[in-house]
Amino acid sequence: MTSPRGALLVGSVNYDDAETTMRTAAELLGPRLRRIPDGEVGIRFHWIMFQPDVLGEADGIERVGAERIPFGAGLDARPLRIADGADAASIVLPPLGYAAAANESYGTFLRLRAEGTIAGDVRFQVSLPTPLAVIASFFSGDDRAAIEPVYTGAILRELAGILDAIPHRDLAIQWDVASEIGIIERAAGYGKVMEAWWPGDPFDGLVARLAELIDAVPSDVEVGVHLCYGDAAERHFIEPADAATLVRYANAVIAAAHRPLTWLHLPVPIERDDDAYFAPLDGLALGDQTELYLGLVHREDGADGALRRIAAAAPHAPQFGVATECGIGRAPAGSTEGILRTHAEVAEAW
């Protein structure tokens, strides 16, 4: 049977600060990790849910509804709209917060590396949402097409700020891809079917958008893709029949991108330890240098469940590492160390 090699921390980790996240990950997983994230602490705890509060400060963008919709960490979950009479192309968005957070956490990373806690060859991992995720989640109707180039420009400025501040040899960028899978699957999100807003085949537009984001990362910076079926309240927006949609989308994006993908992460539902789920991996067309991580670690059944899923995946994936399905930032308090230890139990070091 294939023995998994290496582990990937998808992004969020349920600790209060970046130092605890990085120190604990390094101590428990050590040589299994090629990259360490900061755990997406603070207002990033709920992934993109802090973005409406940021974007709502821009002239020309309004919140929908007069009353706040309280969310965790003091956030306001009200959606957004372009104000009447506003020219979307002229809207100036404030800094989105990703570069500032990454640059601050990188200082902690450097300190932990200098003291020997983090190995010298481990990179600092920064996870960014695709523009589509924010646009699809918080805007509606014609506003989506109008705001897309504006928000895309803003996220690329955040990327540029990260690239300018962090040495490329130390950096790894991950694009978090969830809403795209929802559109492909025609899944229901926020009470309505998730749909594209551009003409033509939605799939082609989704491929082109993600390939462009991958190509925006310089060749001397590692770049990865985390494909996701959603994690609201630890539930998917739709249960995948198998890995076929993930493989089809990943293959198309890899073919369309001009630079190689450093790693690809695919989720594995907890109940799927059957051959049928993994069989589509036979057609996954990864480059020789692209690492594959399967999100088959689940807190509910630990190493025993992960080993069942590893055994089912092994005939269809000659080499892979392990991960959780999504970030573990919203896992129950007190469960984080156990989840990290499960990675170490089922995966070998690099």
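Structure shown above.
Residues numbered from 1 in each chain as written. Predicted model: local features only at pLDDT ≥ 70, side-chain atom pairs only at ≥ 80, totals over all residues. Heavy atoms only, no water.

A.B. asks: Which parts of the structure should I look at to understand the pattern of salt bridges?
C.D. replies: A side chain with one charge may pair with a side chain of the opposite charge, provided their charged atoms come close. Evaluated as defined, the whole model comprises 23 salt bridges. Here E19 ties to R23 by a salt bridge, and the two come within 2.9 Å at their closest N and O atoms. Here the residue E19 and the residue R23 both occupy positions in helix 1 (residues 18-29), the gap between them amounting to four residues, near one helical turn. For E19, a relative accessible area of 25% corresponds to the partly exposed category. The network of salt bridges with common partners includes R34, R35, R123, E222 and E291. (Salt bridge = Lys/Arg side-chain N within 4 Å of Asp/Glu carboxyl O. Helix = DSSP H or I, 4+ residues; strand = E, 2+ residues; numbered from the N terminus. Buried < 20%, exposed > 50% of the residue type's maximum accessible area, 1.4 Å probe, protein only.)

A.B. asks: Please clarify how helix 7 (residues 202-215) should be interpreted in this entry.
C.D. replies: For an α-helix, 3.6 residues make a turn, and residues three or four places apart therefore share a direction. Compared with the 20 Å implied by 1.5 Å per residue over 14 residues, the 20 Å span of helix 7 between its first and last C-alpha is a close match. By the burial criterion, the buried members of helix 7 are F203, G205, L206, V207, L210, A211, L213 and I214. Elements in contact with the buried residues of helix 7: helix 4 (131-138), helix 5 (143-165), strand 7 (171-177), helix 6 (179-185), strand 10 (222-227) and helix 8 (244-256). (Expected span 1.5 Å × (residues − 1). Contact = heavy atoms within 4.5 Å.)

A.B. asks: Any chance you could explain the nonpolar core here in plain terms?
C.D. replies: Nonpolar side chains in soluble globular proteins tend to end up buried together. Core analysis: the biggest nonpolar cluster contains 111 residues, and I173, W175, L227, Y249 and L294 have the highest contact counts within it. A per-element tally of this core places helix 5 first, with eight residues. With near-sequence residues (within four places) excluded, I173 lies in contact with V126, L128, L159, I162, V217, V221, E222, V223, G224 and W263. Within the second largest apolar cluster, six residues are counted, among which are A172, W263, Y293 and A323. (Core = buried A, V, L, I, M, F, W, Y, C linked by side-chain atoms within 4.5 Å.)

A.B. asks: Where do I start with the pairing of strand 13 (residues 321-324) in this structure?
C.D. replies: Regular strands have side chains that alternate between both faces of the sheet. Here strand 13 shows a buried face lined by G321 and A323 and a second buried face lined by V322 and T324. Relative to strand 13, strand 12 (residues 291-297) runs parallel, the two sharing three bridges. By the bridge assignment, V297 is partnered in strand 13 with T324. Handedness of the crossover joining strand 12 and strand 13 through helix 10 (residues 302-313): right-handed. (Pairing = 2+ DSSP bridges. Right-handed = clockwise from strand over helix to strand, strands pointing away.)

A.B. asks: Just to check I follow, could you spell out the sheet that holds strand 13 for this structure?
C.D. replies: Here seven strands make up an open sheet; going across it, the order is 1-6-7-10-11-12-13 and the pairing parallel. Each edge of the open sheet is held by one strand with a lone partner, namely strand 1 (35-37) and strand 13. Neighbour to neighbour, the strand axes of the sheet diverge by 30° on average, direction disregarded. By the bridge criterion, five bridges tie strand 11 (residues 263-267) to strand 12 in an arrangement that is parallel. (Axes fitted to C-alpha atoms, helices over the stretch in contact; angles between N-to-C directions.)

A.B. asks: Just to check I follow, could you spell out the environment of E67 for this structure?
C.D. replies: Turning to its location among the elements, E67 is positioned in the loop between strand 2 (61-63) and strand 3 (70-71). For the pair formed by E67 and D121, sequence separation is 54 residues and the distance between their alpha carbons is 49 Å.

A.B. asks: In this structure, what is going on with the packing of helix 7 against helix 8? I would like to understand it.
C.D. replies: A pair of packed helices is characterised by two quantities: the angle between their axes and the separation of those axes. Across the interface, helix 7 lies against helix 8 with an axial gap of 8 Å and an inter-helix angle of 55°. The orientation of helix 7 relative to helix 8 falls into the category oblique. In this structure, helix 7 crosses over helix 8, and the sense of that crossing is right-handed. Judged by residue contacts, F203, L206, V207, L210, A211, I214 and D215 of helix 7 engage R248, Y249, A252, V253 and A256 from helix 8. Across the contact of helix 7 with helix 8, the residue classes break down as 10 nonpolar, no polar and two charged. (Parallel < 35°, antiparallel > 145°, perpendicular 65-115°, else oblique. Left-handed = near helix turned anticlockwise from the far one by under 90°. Nonpolar A, V, L, I, M, F, W, Y, C, P; charged D, E, K, R; others polar.)

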